[in-house]
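Per-entry structural report
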Amino acid sequence: MLNLGDEFPNFKADTTVGQIQFHDWIGDSWAILFSHPSDFTPVCTTELGRLANLTSEFEKRGVKIIALSCDPVDSHQKWIQDIKSYAKHSGEGFPYPIIADDSRKLAVNLGMLDPLEKDKDGLPLTCRAVFIIGPDKKLRLSMLYPATTGRNFDEILRVVDSLQLTETKKVATPADWKSGGTCMVLPTLKEEEANALFPKGFSVVNLPSGKPYLRITPQP
């Protein structure tokens, strides 16, 4: 299993846009790899359709997106027509690549199998994994959904916003934070450092412990 901060494997794979070397494909961008159990399945079709219609939101954030399913490229190409039809996604082509993993090698190596859900041959399905990878090729966030539960893509955009903000600013984002909301000053910052970094100021929440660790500031 990959841990946060590990370098993401630089695998080679066949995709709907040809063969890629993963690190070269990422380049200097952020990237998200979404895995899916199988082509021509209902939940996966809704997810890839939603993702296709959100492509511009990821592009605005400088994030490349790529999907994976345990079927060959020719199956993906046929499935894409269903995805576009369901999502009412117009235009030529498809806005992101889909990796072919019919050998299940990547699913195994990346720890993406769901042992509780089996296919018609009794093999474990690939879970719905989300891997967010930084420009440094390191894993920044991972989420594993069971095969039966579709993902919330608004939440994925929210965590991208948080990751990119906290990458460069000395803040953390609280529960249910959304872009533009108030942030938390890192507890490791001394007061004089916080005053210099946050010209809009910050407020300290009074707590029963009397410890001034919960400091709130407008999003920098």
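Residues numbered from 1 in each chain as written. Predicted model: local features only at pLDDT ≥ 70, side-chain atom pairs only at ≥ 80, totals over all residues. Heavy atoms only, no water.

A look at helix α4 (residues 73-87)
- Helix length check: α4, at 15 residues, gives a terminal C-alpha distance of 21 Å against a target of 21 Å (1.5 Å per residue), a fit within 8%.
- Residues of α4 that are buried: S75, H76, W79, I80, I83, K84 and A87.
- Lining the buried residues of α4 we find α2 (42-53), β4 (63-69) and β5 (98-100).
- One or two positions beyond α4, positive phi appears at K88, with a value near 55 degrees. (Helix = DSSP H or I, 4+ residues; strand = E, 2+ residues; numbered from the N terminus. Expected span 1.5 Å × (residues − 1). Buried < 20%, exposed > 50% of the residue type's maximum accessible area, 1.4 Å probe, protein only. Contact = heavy atoms within 4.5 Å.)

Focus on the packing of aromatic side chains
- For the structure shown, the criterion picks out eight aromatic pairs.
- Both rings, one in F34 and one in F153, keep their centres 5.6 Å apart while their planes meet at 50 degrees; by these two values the pair is tilted. Placement of F34 in strand β3 (residues 30-36) and of F153 in helix α6 (residues 153-168) is noted, with a sequence separation of 119 residues between them.
- By relative accessible area, F153 is classed as buried at 4%.
- Ring geometry for F94 and Y96: centres 4.7 Å apart, planes at 55 degrees, overall tilted. Y96 matches F94 in its accessibility class, with the two residues each being buried.
- What links up through ring pairs into an aromatic cluster is the set F8, F11, F22, W25 and F131. (Phe/Tyr/Trp six-rings, centres within 6.5 Å; stacked < 30°, edge-to-face > 60°.)

Remarks on the packing of α2 against α4
- In contact at an axis separation of 8 Å, α2 and α4 are set at 70 degrees when each is read in the N-to-C sense. Relative to α4, α2 is oriented roughly perpendicular. Between α2 and α4 lies a crossing whose hand is right-handed. Along its contact with α2, which presents C44, T45, T46, L48, G49 and N53, the element α4 presents W79, D82, I83, Y86 and A87.
- Of the residues contributing to the contact of α2 with α4, the split by class is six nonpolar, four polar and one charged. (Axes fitted to C-alpha atoms, helices over the stretch in contact; angles between N-to-C directions. Parallel < 35°, antiparallel > 145°, perpendicular 65-115°, else oblique. Left-handed = near helix turned anticlockwise from the far one by under 90°. Nonpolar A, V, L, I, M, F, W, Y, C, P; charged D, E, K, R; others polar.)

Digging into the nonpolar core
- With 29 residues, the main nonpolar core has I32, F34, F58, Y96 and I132 as its most contacted residues.
- Where this core is concerned, the elements lending two or more residues are β3, α2, β4, α4, β8 (128-133), β9 (139-145) and α6.
- Among the elements that line this core, the one with the most residues is α6, at six residues.
- When neighbours within four sequence positions are excluded, F34 is seen to be in contact with L51, F58, I65, I66, A67, L68, A129, V130, R151, F153 and I156. (Core = buried A, V, L, I, M, F, W, Y, C linked by side-chain atoms within 4.5 Å.)

Topic: unusual backbone geometry
- You will see that K137, though not glycine, has its phi angle at about 70 degrees, which is positive.
- Position of K137 among the secondary structure elements: in the loop between β8 and β9.
- A positive phi angle, near 65 degrees, is found at D176, a position not held by glycine.
- In this fold, D176 is placed in the loop between β10 (171-172) and β11 (183-185).

Overview of the UniProt feature "active site" (unreviewed entry) in the chain
- Taking the numbering used here, the UniProt-annotated feature "active site" (unreviewed entry) corresponds to C44.
- Along the polypeptide, C44 turns up in helix α2.
- With residues up to four places along the chain from it excluded, the contact list for C44 reads H36, P37, S38, W79 and R128. (UniProt positions renumbered as here; feature names shortened; annotations may be inferred.)

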